[in-house]
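Topology and contacts: notes
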Amino acid sequence: MEEWQKQLSGSVVRVEDLPFLPDSIEYRKKLKKVAEIFPIRINSYFLSQIKHDNDPLWKQVVPTLDELDDIIDEESLLVSDPLNEEGDMPVPELVHRYPDRVLLMVNNQCPIICRFCTRKRKVGDPYSIPDQNFEIGLEYIRKHPEIRDVIISGGDPLMLTDKKIEYIISKLREIEHIEIIRIGSRVPVTLPQRITSGLCKILRKNHPFYINTHFNHPIEVTEESKQACEMLVDSGIPVGNQTVLLRGVNDNPEIMRELMKKLLLIRVKPYYIYQADLVYGTDHFRTSVETGLEIISGLRGHISGLGVPHYVID
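The structure reproduced in this document is the subject of the present report.

1. As for the overall build of the chain
Counting secondary structure elements, the chain contains 11 helices and 8 strands. Expected size for 314 residues packed as a compact globule is a radius of gyration near 20 Å; at 19 Å, the chain falls within 12% of this value. Overall size of the chain, expressed as C-alpha extent along the three principal axes, is 60 × 45 × 45 Å. Expressed as a percentage of the 314 residues in the chain, the buried residues total 55%. Considering only residue pairs separated by 6 or more positions, the chain has 78% of its internal contacts joining residues 24 or more positions apart. Counting only carbon and sulfur atoms, one obtains 52% of the accessible surface of the chain, whose full area is about 14,200 Å².

Next up, the structure:
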């Protein structure tokens, strides 16, 4: 078993094992109802980085009763699929929204389960993406020569084995009109031990290849995550970062400025700051748009243009 698999096998998945919870038995009973709807996973590496309740990492992964307090019309797509991904799926688990690129979901497992996840409806369900969906998606891509760019997503694609990752990428590389392959992964941040020399060897064979990762707070830039990102960059893979704007975690210019500076130091290019999506169970994380604009104003002119991402409302 590799080190990253050991970290994963030690994951917290039950309310009883969560750190820094109130002693109240009643509170824990209510929290179990949250976990029945929205699963828990915190791998042992990420867990070791949490220092106290309500710190920026704790808030991202430990469930709260706020997740069941959203006032959103439960008949609306905004409840479970705010970006209407299902409406843009010509075949299962392949989103074709823009003319020249598609997003291909290959699994539903992540090294941690973020409480603000856009795909809260899917992540943690081991059965909702059968293997044959990839083959169906592959055939769709073959038949559409206008597609030149494939974003492999999930879940987290880097949770798959090296063998499976190599199979997926090699099959895409066989398609003549595919120019660029990207992976969206939070692994370099939340399970950096997964970035191994063997994995980098697979990825570097398939240039042009890009990875976008997901740092939300400066304290996520550790020696381990730094090493993971540098291994990828040293393999010739440009790494970008997509931060989600989260109330109580990173919603002020000073924190974002520190994060962007740290990312540049580990050769990760700030790419997007996302306004948090309208997902059921995440309202307590959302900020105003004005807050996002204030943060961008607090970055421009205060750090290099290299460190100023786009502010995006999806």
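2. So, the layout of surface pockets
Taken as a whole, the largest pocket spans an internal volume of roughly 1,200 Å³. Lining the largest pocket we find 42 residues, and of these L103, R119, S153, Q242 and Y274 sit closest to its centre. When residues of the lining of the largest pocket are traced back to their parent elements, those giving at least two are β1 (94-98), β2 (101-105), β3 (149-153), β4 (180-184), β5 (209-213), β6 (239-245) and β7 (269-275). The greatest single-element share of the lining of the largest pocket, amounting to 4 residues, is contributed by β7.

3. Observations concerning the packing of helix α6 (residues 162-173) against helix α8 (residues 197-204)
One can describe the packing of α6 onto α8 by two numbers: an axis separation of 10 Å at closest approach and a directional angle of 5°. By the angle between their directions, the pair α6 and α8 is classed as roughly parallel. Contacts from D162, I165, E166 and I169 in α6 reach G198, L199, I202 and L203 in α8. Counted by class, the contact of α6 with α8 contains 5 nonpolar, 1 polar and 2 charged residues.

4. Structural notes on α6
Here α6 is 12 residues long and its end C-alpha atoms lie 16 Å apart, about the 16 Å a rise of 1.5 Å per residue gives. Along α6, the residues that are buried comprise I165, I168, I169 and L172. Each buried residue of α6 sits inside an arc of 90° when the element is viewed along its axis, so together they form one side. Contacts from the buried residues of α6 go to α5 (132-142), β3, β4, α8 and β5.

5. Thoughts on the packing of aromatic side chains
This structure, assessed with the given rule, holds 5 aromatic pairs. Between the aromatic rings of Y272 and Y274, the centroid separation amounts to 5.2 Å while the plane-to-plane angle is 70°, which identifies the pairing as edge-to-face. Members of the aromatic cluster, joined through ring pairs, are Y271, Y272 and Y274. The aromatic ring of W4 is capped on one face by R194, whose charged end is 4.3 Å from the ring centroid.

6. Observations regarding the pattern of salt bridges
Under the definition given, this model contains 19 salt bridges. Here D88 and R97 are joined by a salt bridge, their closest N and O atoms 2.7 Å apart. For D100, the salt bridge identified is with R101, shortest N-O distance 2.7 Å. The class of D100 is partly exposed, set by a relative accessible area of 22%. Residue class for R101 comes out partly exposed when judged on its relative accessible area of 27%. The network of salt bridges with shared partners includes D100, R101, R148 and E179.

7. Considering the packing of helix α10 (residues 253-265) against helix α11 (residues 289-299)
At a closest axis distance of 9 Å, the pairing of α10 and α11 adopts a crossing angle of 55°. As the angle between them shows, α10 and α11 are arranged oblique. Crossing angle aside, the handedness with which α10 passes α11 is right-handed. Across from P253, M256, R257 and M260 in α10, the residues of α11 making contact are E294, I295, G298 and L299. For the contact of α10 with α11, the residue count by class is 5 nonpolar, 1 polar and 2 charged.

8. A short note on a nonpolar patch on the surface
A cluster of nonpolar side chains, V289, L293 and I313, forms an exposed patch at the surface whose accessible area comes to about 260 Å². Checked against the element boundaries, L293 lands in helix α11.

9. Structural notes on the nonpolar core
If you look at the biggest cluster of nonpolar residues, it comprises 51 residues, and the most contacted ones within it are I141, V150, I152, L203, I273 and L299. Not counting chain neighbours up to four residues away, the residues in contact with I273 comprise T243, L245, M256, M260, I295, I296, L299, P309, H310, Y311 and V312.

Cut-offs applied
Residues numbered from 1 in each chain as written. Predicted model: local features only at pLDDT ≥ 70, side-chain atom pairs only at ≥ 80, totals over all residues. Heavy atoms only, no water. Helix = DSSP H or I, 4+ residues; strand = E, 2+ residues; numbered from the N terminus. Rg over C-alpha atoms; globule rule 2.2 N^0.38 Å. Buried < 20%, exposed > 50% of the residue type's maximum accessible area, 1.4 Å probe, protein only. Contact = heavy atoms within 4.5 Å. Areas by Shrake-Rupley, 256 points an atom, 1.4 Å probe, with all protein chains shown as cover. 1 Å grid on protein atoms, 1.4 Å probe; cavity = no way out; pocket = protein on both sides within 12 Å on 5 of 7 lines; lining within 4 Å. Points joined across faces, edges and corners; volume = space filled by probe spheres on them. Axes fitted to C-alpha atoms, helices over the stretch in contact; angles between N-to-C directions. Parallel < 35°, antiparallel > 145°, perpendicular 65-115°, else oblique. Nonpolar A, V, L, I, M, F, W, Y, C, P; charged D, E, K, R; others polar. Expected span 1.5 Å × (residues − 1). Arc of directions from axis to C-beta. Phe/Tyr/Trp six-rings, centres within 6.5 Å; stacked < 30°, edge-to-face > 60°. Lys NZ or Arg CZ within 6 Å of the ring centre and 35° of its normal. Salt bridge = Lys/Arg side-chain N within 4 Å of Asp/Glu carboxyl O. Left-handed = near helix turned anticlockwise from the far one by under 90°. Patch = residues over 30% accessible without salt bridge, like charges linked within 9 Å, V, L, I, M, F, W, Y side chains within 5 Å. Core = buried A, V, L, I, M, F, W, Y, C linked by side-chain atoms within 4.5 Å.

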